[in-house]
Amino acid sequence: MQRSKFRQLLSYLRPHWQQVALGTLTLLIVNGLGVYIPWLIRNGIDDLEVAFTMERVWRYVLWIGVLATVMWGIRVVSRMLLFGIGRQVEFDLKQRIFQHLLYMDADYFSRNRVGDLINRATSDVDNLRRLLGFAVLSILNTIFAYLLTLPVMLSISPRLTLLSMVIYPVMFILVWVFSGRLRDEQRDVQEKLSSLSELIQEDMSGISLVKIYGQEENERRAFAHYNEKLFESNLALARTRSTLFPLLQGLAGASLLILLGFGAGEIADGAIAVGDFVAMILYVERLVFPTALLGFTLTVYQRGEVSIDRIEAIFTSQSEIRDRPSAIALPPQDVLGRLEARNLHYVYPGDNSPALDQMCFTIEPGETIAVVGSIGSGKSTLANAIPRILEIEPGQLFLDGYDITQLRLEDLRGAIAYVPQDSFLFSSNIRDNIRYGNPQADQIDVEHAAKLAQIHPEILNFPKQYDTIVGERGITLSGGQRQRTALARALLMDAPVLILDDALSSVDNQTASQILQELSTGTERKTVLFISHQLSAAAKADRILVLDRGAVSQLGTHAELIQQPGLYQSLWEEQQLEALLR
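Residues numbered from 1 in each chain as written. Predicted model: local features only at pLDDT ≥ 70, side-chain atom pairs only at ≥ 80, totals over all residues. Heavy atoms only, no water.

## So, the overall build of the protein
- Summing up its helical and strand segments, the protein has 21 helices and 10 strands in all.
- Over its C-alpha trace the protein gives a radius of gyration of 36 Å, far above what one expects of a compact globule, namely 25 Å for 582 residues.
- For the protein, buried positions account for 48% of its 582 residues.
- A separation of at least 24 residues holds for 77% of the contacts in the protein among residues at least 6 apart in sequence.
- For the protein, the distance from the average position of its 53 positive side-chain charges to the average position of its 64 negative side-chain charges is 6 Å. (Helix = DSSP H or I, 4+ residues; strand = E, 2+ residues; numbered from the N terminus. Rg over C-alpha atoms; globule rule 2.2 N^0.38 Å. Buried < 20%, exposed > 50% of the residue type's maximum accessible area, 1.4 Å probe, protein only. Contact = heavy atoms within 4.5 Å. Lys, Arg positive; Asp, Glu negative; His and termini not counted. Charge placed at Lys NZ, Arg CZ, Asp CG, Glu CD.)

## Some words on the packing of aromatic side chains
- Under the counting rule described, the total for this entry stands at 1 aromatic pair.
- Between the aromatic rings of Y346 and Y348, the centroid separation amounts to 5.1 Å while the plane-to-plane angle is 90°, which identifies the pairing as edge-to-face.
- A relative accessible area of 12% means that Y346 is categorised as buried.
- Exposure remark for Y348: the relative accessible area of 27% places this residue in the partly exposed category. (Phe/Tyr/Trp six-rings, centres within 6.5 Å; stacked < 30°, edge-to-face > 60°.)

## Notes on the pairing of strand β3 (residues 368-373)
- β3 sits mainly inside the fold: 6 of its 6 residues count as buried.
- Neither face of β3 is exposed, since T368, A370 and V372 on one face and I369, V371 and G373 on the opposite face are all buried.
- Sheet topology note: the β3/strand β8 (residues 527-531) ladder contains 4 bridges and is parallel. Bridge assignment links A370 to a residue of β8, and that residue is F530. (Pairing = 2+ DSSP bridges.)

## Details of the sheet that holds strand β5 (residues 402-403)
- With respect to topology, 4 strands assemble into an open sheet ordered β2-β1-β4-β5, the strand pairing being antiparallel. On the outer flanks of this sheet lie β2 (356-363) and β5, each paired with one strand and no other.
- Bridging between strand β1 (residues 339-346) and β2 involves 5 bridges; their strand directions are antiparallel. Among the inter-strand pairings, A341 is bridged to a residue of β2, identified as F361.

## Some thoughts on the packing of helix α15 (residues 443-452) against helix α17 (residues 479-492)
- At their nearest, the axes of α15 and α17 sit 8 Å apart, and the two run at 125° to each other. Looking at the two axes, α15 sits oblique to α17. The chirality of how α15 crosses α17 is right-handed. Across the interface between the two elements, D445, V446, A449, A450 and L452 of α15 pack against A488, L491 and L492 of α17.
- Of the residues contributing to the contact of α15 with α17, the split by class is 7 nonpolar, no polar and 1 charged. (Axes fitted to C-alpha atoms, helices over the stretch in contact; angles between N-to-C directions. Parallel < 35°, antiparallel > 145°, perpendicular 65-115°, else oblique. Left-handed = near helix turned anticlockwise from the far one by under 90°. Nonpolar A, V, L, I, M, F, W, Y, C, P; charged D, E, K, R; others polar.)

## Description of the pattern of salt bridges
- On inspection of all chains with the given rule, the structure shows 18 salt bridges.
- The salt bridge involving E391 is made with R388; its shortest N-O contact spans 2.9 Å.
- You can call E391 partly exposed: its relative accessible area is 26%.
- Here R484 makes a salt bridge to E458, at a shortest N to O gap of 2.5 Å. With R484 in helix α17 and E458 in helix α16 (residues 456-461), this residue pair connects regions lying 26 residues apart in the sequence.
- Assessed through its relative accessible area of 8%, R484 is described here as buried.
- One salt-bridge network, held together by shared partners, links R87, E90, K94, D126 and R129. (Salt bridge = Lys/Arg side-chain N within 4 Å of Asp/Glu carboxyl O.)

## Let's talk about the sheet that holds strand β10 (residues 551-556)
- Pairing is mixed in the open sheet, where 6 strands are placed in the order β6-β7-β8-β3-β9-β10. The outermost strands of the open sheet, each flanked by one partner alone, are β6 (416-419) and β10. This sheet shows a mean twist of 15° between the axes of neighbouring strands, independent of strand direction.
- Here β3 pairs with strand β9 (residues 543-548) via 5 bridges, running parallel. Looking at β9, one finds that I369 is bridged to R543.

## Looking at the UniProt feature "transmembrane region" (unreviewed entry) in the protein
- Taking the UniProt record as the reference, the feature "transmembrane region" (unreviewed entry) is found at residues 20-40, 60-78, 131-154, 160-178, 244-265 and 277-301.
- Measuring from the first to the last C-alpha atom of residues 20-40 gives 30 Å, for a span that is 100% helix and 0% strand.
- Split by type, residues 160-178 is 89% helix and 0% strand. Its first and last C-alpha atoms lie 29 Å apart. (UniProt positions renumbered as here; feature names shortened; annotations may be inferred.)

## Section: a nonpolar patch on the surface
- Side chains of L22, L25, L28 and I29 sit close together on the surface and give an oily, nonpolar patch of about 320 Å² of accessible area.
- Structurally, L28 is set in helix α2 (residues 17-50). (Patch = residues over 30% accessible without salt bridge, like charges linked within 9 Å, V, L, I, M, F, W, Y side chains within 5 Å. Areas by Shrake-Rupley, 256 points an atom, 1.4 Å probe, with all protein chains shown as cover.)

Now the structure itself:
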């Protein structure tokens, strides 16, 4: 294994070094007893050849039985300790991966397949668990077996020891020759498994779309294709393993045959005693199993080596949007809600034209501002820029006079309640979805937020009311109900700034107008940025911000803009004409 990967393994084990040390010590004791017992048998045979009595036989039998029992008990402890390390590392890695992914930018998940990330957090972590459990146990056992057994064998008969070990260099060469091939084939299996996992995840999430378009047969064929590729990769890996492992086992057994062939002659010549020969047989057998196990251990290593790369690729990816070293703390309760853009400019990576082009505006605390414009005019980009879901350059966006790039992310996002276009709901009940941002909120606050979002009466009509399970992504609710539930979740946060990114597109104009009216009145008015294509609802806002190709085209009240030739007037006339034609 490469040095960098070995260091990475050590970093996984470092928090559990005491358990590693204890497990290693117990394994050393086991191997020490494993070497001593054949030596005791050797002494017993030689002793009984001189004076054979049943009393001596039973004494050796009992003593060997006691030592074997102790060795068995310590071996169980060593396995529990070393296998337990693998489980602890597995737990630590899953915690680290999940925590790391939680703080990654949203853009990271658009560049990486979710199915692949899930596979890394499960299958690859499982491979590392085996590596740091079974493989470490196997390698330590092999090292101790050779270090403790070979000196004793050499002390008995250097010639027989060398003859019985002549096969072992061939075994190590075989392992070295096959190692690269196994690693490449294992990496291919992991990649094919990720592709299959991604297809399953997408199809299960979009099962309604699959059925609507009648694509069950196409998806079945796609799954069969990916499954066949995985089968072929697994088959190739199995062929390599099926070739290597029997070869290793056969070669390991051949060393015992060599010992029997040459050892019998040395006994006949009187060069070695019967007890020594029996001990040599037992010692060679002690080395056969760990040596033959090298093939399986190698596979585990190759899997672990591939998995280390795939897991560390997650950890080496860092969020581009994060707190600066000198980030300013701004408690949400101290935020007034004044938003200002000064020549706001943003270009998506890979695009030539700016999504936001030198945009300037000021929104006063408590104002309700509607943002309208054609598709692609920069409305959603603006909504994502304010809470720093997109990274913008310093000196362009300000909250209460503070540059948002200089504020702590926790404080900035705590001051902004954001309802995106995709009204995502968790697979729990309505109550828990509404209080997701404030899990300790009581029922009165939950119902108050639902009333502001105009969803409370409909919830009461459900058989289980607020205990109604919404299903995956809120599938049991209509589009309008999902949007208003998501709005209630944002309103419960009671943040001074509220951004609605086309979050009422599935709600009728009358209901949308009522919601805006509720948000624009009261003693604790919020700064509301209402992005919408519903101009009749937008007309209720204090002012309207009209965007065109990423720039501010017009800004004013509905009454002012309706009289001005321009984009807003054109959009308004189009919607009025559509309403008449319905």
